[in-house]
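The chain contents come next:
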Amino acid sequence: MLILTDLGELLRHPFSALSQIDARRRLADGLLALGLSVTLPAAVAELAALGPFRPPPNLGSLPSLTAQGADIYARWVYMHRFLIPVYGIGVSLVLWLAAAGLIHGIARALGGRGNFAGLMKLVGYAALVGLVNLPVALADALLKFQGNARAELAVGQLAGLLGVAIFLWQNALLVVATRQHYGISTERAIAAVIGPIGAVLVLLLALIILAITLAIIAQQPA
């Protein structure tokens, strides 16, 4: 499959691969890459949702109010475990589109000459790199299904660390893609990428806090 070949090239020769993707691939290819990057992890999350409920560990060492909030949130997540990955697809798509729009606007304001469609194509391929974490996420999902708590903890930590590394690598790819596509300096490309990504992270954190708050309120007696 062509898109898997592109993913391999992004992992082996990222800078040259971005130039080739920008020149040879269509917007539809980038949108397909973006779609795969959000739907395949959601499918793995649906598999993990088949596992049994287990309360958060070490609640006894936490203050009572914090432990209560963590337990309520865990139960809320379990109750909505099949819907959350579906919502996650929509949220991820909105965040990637918002980031692309902000990067485009800032890059053009800084003197860039590229277009939004071309950037969106490259953003889709940057998102595709996230599939590197898919085998680890799949192993974590299978362990959840089996109820192997000890192995699940180790694999979950590995998935978290790998997720952070992938996020940083995706941002580096976005900087290179913005520099090449808009024909601006590295410093301006960094400014165009880091600002929107920071805004998106703040929005995502706000959504997480809102979800936790609503979960706690929903569990309170009337």
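Note that residues are indexed from 1 along each chain, following the sequence as it is written. Where totals are concerned, whole chains, interfaces and linings use all residues; where local detail is concerned, this predicted model gives features only for residues with pLDDT of at least 70, and gives and counts side-chain atom pairs only at 80 or more. Working from all heavy atoms in the structure, the side-chain values ignore hydrogens and water.

## Some remarks on the environment of A159
Mapped onto the elements of the fold, A159 is located in helix α8 (residues 149-182). Throughout, exposure labels follow a simple rule: accessible area from a 1.4 Å probe, protein chains only, divided by the maximum for the residue type, with under 20% read as buried, over 50% as exposed, and the rest as partly exposed. Residue A159 is classed as buried on the basis of its relative accessible area, which comes to 16%. In what follows, residue pairs with any heavy atoms lying within 4.5 Å of each other are defined as contacts. With sequence-adjacent residues up to four places away left out, A159 is seen in contact with N133 and V136. Under the scheme used here, helices are H or I runs from DSSP no shorter than 4 residues and strands are E runs no shorter than 2 residues, and both carry numbers assigned from the N terminus.

## So, the environment of I84
Along the polypeptide, I84 turns up in helix α5 (residues 84-109). For the pair I84 and E46, spaced 38 residues apart in the sequence, the C-alpha separation amounts to 8.9 Å. Residue contacts for I84: discarding those within four places in its chain leaves W76 and V77.

## With respect to the nonpolar core
Nonpolar cores are built from buried Ala, Val, Leu, Ile, Met, Phe, Trp, Tyr and Cys residues. Side-chain atoms within 4.5 Å join them into one set. If you look at the biggest cluster of nonpolar residues, it comprises 35 residues, and the most contacted ones within it are L10, L18, W96, V123, Y125, L128 and L174. When residues of this core are traced back to their parent elements, those giving at least two are α1 (2-12), α2 (14-24), α3 (27-48), α5, α6 (116-128), α8 and α9 (186-219). Broken down by element, the residue count for this core peaks at eight residues, all from α6. Once you skip the residues sitting within four places of it in the chain, L18 turns out to touch L10, L122, L173, V176, A177 and Q180.

## Topic: the environment of V176
Within the secondary structure layout, V176 lies in helix α8. V176 gets classed as buried once you look at its relative accessible area, which sits at 10%. For the pair V176 and L18, spaced 158 residues apart in sequence, the C-alpha to C-alpha distance is 8.0 Å. Contact partners of V176, with chain neighbours within four places excluded, come to F15 and L18.

## Structural notes on the confidence of the model for the protein
Confidence scores labelled pLDDT are given residue by residue by the predictor and lie between 0 and 100. With 86% of its residues at a pLDDT of 70 or more, the protein shows a mean pLDDT of 84. Taking the mean pLDDT of every element in the protein, the minimum, 70, falls on helix α4 (residues 64-79) and the maximum, 95, on α6.

## Observations concerning the side chain of T178
On the secondary structure map, T178 appears in helix α8. Contact partners of T178, with chain neighbours within four places excluded, come to I103, A107, L119, G183, I184, A189, A192 and V193.

## Side note on the pattern of salt bridges
Note on definitions: salt bridges are taken to be side-chain nitrogens of Lys or Arg within 4 Å of carboxyl oxygens of Asp or Glu. As enumerated under the stated definition, the model contains four salt bridges in all. Residues R25 and D6 are paired through a salt bridge, measuring 2.8 Å at the closest nitrogen-oxygen approach. Of this pair, R25 sits in the loop between α2 and α3 while D6 sits in helix α1; the two residues are 19 residues apart in sequence, bridging distant segments of the chain. Each of the two residues, R25 as well as D6, counts as buried. Between R26 and D29 there is a salt bridge, with its nearest N and O atoms 3.5 Å apart. Owing to a relative accessible area of 56%, R26 belongs among the exposed residues under this scheme. Residue D29 is classed as buried on the basis of its relative accessible area of 15%.

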